[in-house]
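Structural features, examined
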Amino acid sequence: MSIRGLADELRSLLGEERVITDRQQLRTYECDGLAQYKVIPALVVLAESTEQIATVVRACAEAGVPFVARGSGTGLSGGALPHADGVLIVTSRMRRILEVDVASQRAVVEPGVINLHLTEAASPEGYYYAPDPSSQQVCSIGGNLAENSGGAHCLKYGFTVNHVTGAEWVTPTGEVVEIGGKAPDSPGYDLLGVLVGSEGTLGIATKVTVRVVRAPEAVKTLLAAFRHIEEAGAAVSSVIGAGVVPAAIEMMDALAIEAAEAAVQCNYPAGAAAVLIVELDGPSAEVDDQFDQVQRICEENNSFEIRVADDDTERAMFWKGRKSAFAAVGRISPDYIVQDGVVPRTMLPEVLHRISELSEDSGVRVANVFHAGDGNLHPLVLFNDAVEGQSDLAEEISGAILDLCIEYGGSITGEHGVGSDKAKFMPRMFTDDDLDTMQMVRCAFDPDTISNPGKIFPTPRLCGERPGRRQGAHPLAEAGLAEIF
Amino acid sequence: MGDAVLDQLRAATADHAHAAADSDAVDGVPARWVAAPADTDQTAAVMKVAATNDLAVVPRGAGTKLTWGNPPSRLDVLLDTGRLDRIVEHAAGDMIVIAEAGCRLDTLQASLRDASQRLALDPSGHGGIGGTIASAATGPSRLSYGAVRDLLIGLTMVRADGVVANSGGKVVKNVAGYDLAKLLTGSYGTLGIITRAVFRLHPLPAASSVVTIPASSPAEVHDLVQKLIHSQLTPAGVELDLPTPDDGTLGVLLEGTPNGVEGRTARTLELLGARATSSATPPPWWGREPFDNGDVALKITHEIGQLPSLLSAIDAASRATHQAVQVRGSVAVGTLLAGVHTDADLDIDAVARLVDALRHDAASYGGSVVVLDAPPAVKARLDVWGPVRGLEMMRSIKHQFDPQRRLAPGRFVGGI
């Protein structure tokens, strides 16, 4: 079936207003948060229910047309980059928080619900949703699930995958399946474990059950400034080595601070080569004990100024500089690449040194912002696209940083995902056999590779013989011993 | 053919293969050979021998959960991971450890203790790493540190065709590629042979204490659990022990700094009321399974807020079938274990009715009932896994990973 035929079919099934084919309107969806990749989708569907998504996916499956799911479009790896001959299924209208069940410490939401809105809905009961990507004011829970999003506080509280306990799922063949729920450990394979973080390649979540977490009794935040970045790195290692598990430890280097100052006037201590933001939360007495310890460690590592947030307003000021850092580099450079790599935490000083060498040798400036507690680097590679050759050089440095991450035993992505951007780096981290094995899961769910094709894997696997789908009931199901949902 | 296969298995394992003895049977199903590879490469070689000769393989570590699930429908090679017992790397500064599948959990913990660290998993018994992952074993600390899948950050496995595959890595934060480690967690040996695992570690707490209070009725237990979870006392574990319907105890583990634990112990005592008492160490039942070898062992999950419905359902089913049920588990997580002691008078029909009754009421507590272990006659009488959501997706995965059904065939859900 042609795309035009598919558009007509979807209009009749879903209604005129939910299907976009106008070229100008389609352009709105040509990229996600990674704007250097742009593809105009053949058509866009603004879905409002599970049934509608299942209808679209079934129509795509029958027509052999690829589909891509998109939440708020804030992803930073091109995971929601549309397919030129495919359907973009937008979930941002599915914004209902269906239930906040504090007695069971769970919430059930539609995929388009904004991350922060869930925390706002749970907060009157003293609860919140723990994964907090910097984009939490705009990013969606469905997108978080697809990318297994992290955030500054995942050092202590874990990632999206540690907080999703159930999902209603539309498979790439258009079947609706319930997986997990409010209770843990449903019998069988841990499907959620592999679906969360599958970047839209195994189908679409249409409802998500997540843990909500009791707000801590106390939160204390400090900002420590250092003259040398190595001292800040040493302080991080000492804090962790002392047996403290902070809610967050974030680091910014001089260039990142300069950018943040220019953008949001966060007023960090002047002359700092690096600042650390350390946040502790939990029971008051523990937080007090460990906070003193962290302050001592910062002093021992020659921090020249330590500020302690006295209230939520001051805490917000500390975080403002950090959370705005990506956008802020726009103030000091016309163009930049946001990189996302991970190294073992103890390798941070050495890797930072290697990055500075890369920067000096190439003349390409690199600002460093990172989740220091778990070794997750976000180097910002600065360049001017108007100057010939700079863009390519920046790409090269950005790639070289990922090679460093692999060399030191780390990962090519800690939280932004592989998406369109890093598929080519996957063979540097994994063997062909590793990738082949991962793609066996893909073949199990999506043998025709229509669910977000071209993402994660550099080369698709031929799925070969198909499993015996719908070839009569299984004996156990027939005997009433097992049910198929 | 037998001698030829044994020769191949010996060649694959540098002579560590032999004909199986009676004691190598898995849940009553005799094996033909035992192969004990020393590393991932030898494991791959064993799996290639199995592929060439179409042999069914069941991995065995410490053997503490070998009878869990269904008996295998076919068994040729018992793959003994006892020689895969190295702690490959403990990067204390990075708080990760890499260990082989046959390494015992308690051996690993003892070694980590020198660095004041631990793997925050505390399932019952003396199992190994591989079995802990393959059975997704759960313990009290899960409340604050997460389950096996949450602490497992990397995995090496050998596929049914002998191909070695890795996923994850040795850093905690990592979203590159599908997370096969989670898929293998709780897969009962049906997708691949786990040879090596990478775990995230936690610091040993400087201090701990336990507060206990008698609590038996569903309403009473529920009330206490709700008070605890909505408090800001951050218990590391909340466990219920209910050996008989009117002799229950709720235990609360507190961990942290000495000063903090002292204060929170006092506050927990105050929160729970006059009958609560504290002690420095957990009661003897803490973290132990409420069943012995040969008993009927159930795992029952529930929504935390529906605990009273579950406890009432257990009580009702127990009375209706005249089966005494011992209950113990992590009531603030939603995982309970239950045991029905078996003796010469085992009433198979009554056990089956008990399980049916609990499953019938499952909607009221939002969970599932799995028969982890039971005498063969009981397993033959009922569906040990019960209803499974997403079974077709699971079948598709199995079909991709093991189309010839050579890995622990028949042991898992839906006959997988």
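Residues numbered from 1 in each chain as written. Chains lettered and ligands numbered in written order. Predicted model: local features only at pLDDT ≥ 70, side-chain atom pairs only at ≥ 80, totals over all residues. Heavy atoms only, no water.

Observations concerning the domain arrangement of chain A
Residue and element names in this part refer to chain A. Operational definition: As used throughout, domain bounds are those supplied by an automatic or database domain assignment. Contacts are residue-level and defined by heavy atoms, with any inter-residue pair within 4.5 Å sufficient. Put simply, buried area is the surface a 1.4 Å probe can reach on two separate parts but cannot reach once they are joined, added for both. Between Lys or Arg on one side and Asp or Glu on the other, a salt bridge is scored when a side-chain nitrogen of the former is within 4 Å of a carboxyl oxygen of the latter. Within 3.5 Å is the distance limit for a polar contact, defined as a pair of N or O atoms, with the added protein rule that one can donate a hydrogen and the other accept it, and that residues adjacent in sequence qualify only through two side-chain atoms. Think of it this way: any DSSP run of H or I at least four residues long counts as a helix, any run of E at least two long counts as a strand, and we number them from the N terminus. Residue type decides the class: Asp, Glu, Lys and Arg count as charged, Ala, Val, Leu, Ile, Met, Phe, Trp, Tyr, Cys and Pro as nonpolar, and the leftover types, Gly among them, as polar.
As far as domains go, chain A holds domain 1 (3–90), domain 2 (97–214) and domain 3 (218–407). Across the contact, 14 residues belong to domain 1 and 16 residues belong to domain 2. Of the roughly 1,200 Å² buried at the junction of domain 1 and domain 2 (both faces included), carbon and sulfur atoms supply 65%. Counting the contacts that link domain 1 with domain 2 gives zero salt bridges. For the pair domain 1 and domain 2, the number of links is three residue pairs in polar contact (both at pLDDT 80 or more). The set of elements that each furnish at least two residues to the side of domain 1 that touches domain 2 consists of α3 (50–63) and β3 (67–70). A total of six residues in the side of domain 1 that touches domain 2 trace back to one element, the largest contributor, which is α3. The residue makeup of the side of domain 1 that touches domain 2, split by class, is seven nonpolar, six polar and one charged.

A short note on the interface of chain B and chain A
Taken together, the contact pairs 85 residues of chain B with 96 residues of chain A. In this assembly, chain B and chain A are joined by seven salt bridges. We note a salt bridge from E286(A) to R264(B), for which the minimum N-O separation is 2.6 Å. Counting across the interface, chain B meets chain A through 32 residue pairs in polar contact (both at pLDDT 80 or more). Those elements giving two or more residues to the side of chain B that touches chain A turn out to be α6 (148–151), β9 (164–168), α7 (180–184), α8 (218–230), β14 (249–256), α9 (258–272), β16 (296–301) and α14 (391–401) of chain B. Residue contributions to the side of chain B that touches chain A peak at 11 residues, all from α14(B).

Examining the packing of α8(B) against α9(B)
Residues and elements named next belong to chain B. Spelled out, the test is: Axis definition: a line fitted to C-alpha atoms, over the contacting stretch in the case of helices. Angles run 0 to 180 degrees between N-to-C directions. Should the near helix be turned anticlockwise from the far one by less than a right angle, the crossing is left-handed, and should it be turned clockwise, the crossing is right-handed.
Where α8 contacts α9, the axes come no closer than 10 Å and their chain directions differ by 140°. The crossing of α8 and α9 is right-handed. Between α8 and α9, the contacting residues are L224, K227 and L228 on the first element and T268, L271 and L272 on the second. Counted by class, the contact of α8 with α9 contains four nonpolar, one polar and one charged residues.

Some words on the state of the cysteines
Residues and elements named next belong to chain A. Rule in force here: Here, a disulfide means two cysteine sulfur atoms that sit within 2.5 Å of each other. Think of it in three bands: with a 1.4 Å probe and only protein chains considered, a residue is buried below 20% of the maximum accessible area for its type, exposed above 50%, and partly exposed in between.
Under the counting rule described, the total for this entry stands at one disulfide over all chains. With its sulfur 2.1 Å from that of its partner, C443 forms a disulfide with C463. Taking the torsion about the sulfur-sulfur bond, which here is approximately -80°, the covalent link between C443 and C463 counts as left-handed. Placement of C443 in helix α16 (residues 432–445) and of C463 in the loop between α16 and α17 (475–478) is noted, with a sequence separation of 20 residues between them. Of the two residues examined, C443 and C463, each falls in the buried class. Not engaged in a disulfide, the cysteine C60 finds its nearest cysteine sulfur in C463; these two sulfurs lie 18 Å apart.

Focus: unusual backbone geometry
The phi dihedral of E199(A) is positive, around 55°, even though this residue is not glycine. Locating E199(A) in the fold gives a position in the loop between α7 (191–195) and β10 (204–211). Phi at H322(B) is positive, roughly 55°, even though this residue is not glycine. Assessed through its relative accessible area of 70%, H322(B) is described here as exposed.

Considering the nonpolar core
Note that soluble globular proteins tend to have their nonpolar side chains buried in a common cluster. What counts here: Here, the term nonpolar core denotes a set of buried Ala, Val, Leu, Ile, Met, Phe, Trp, Tyr and Cys residues that are joined through side-chain atoms within 4.5 Å.
One finds F199(B), L250(B), I300(B) and L358(B) to be the most contacted residues of the largest nonpolar core, which totals 180 residues. With residues near it in sequence (within four places) discarded, F199(B) still touches M95(B), I96(B), V97(B), L119(B), L121(B), I129(B), I133(B), L151(B), L152(B) and I153(B). Counting residues in each nonpolar core, the second largest holds 30 residues, with I257(A), A263(A), A325(A) and V338(A) among its members.

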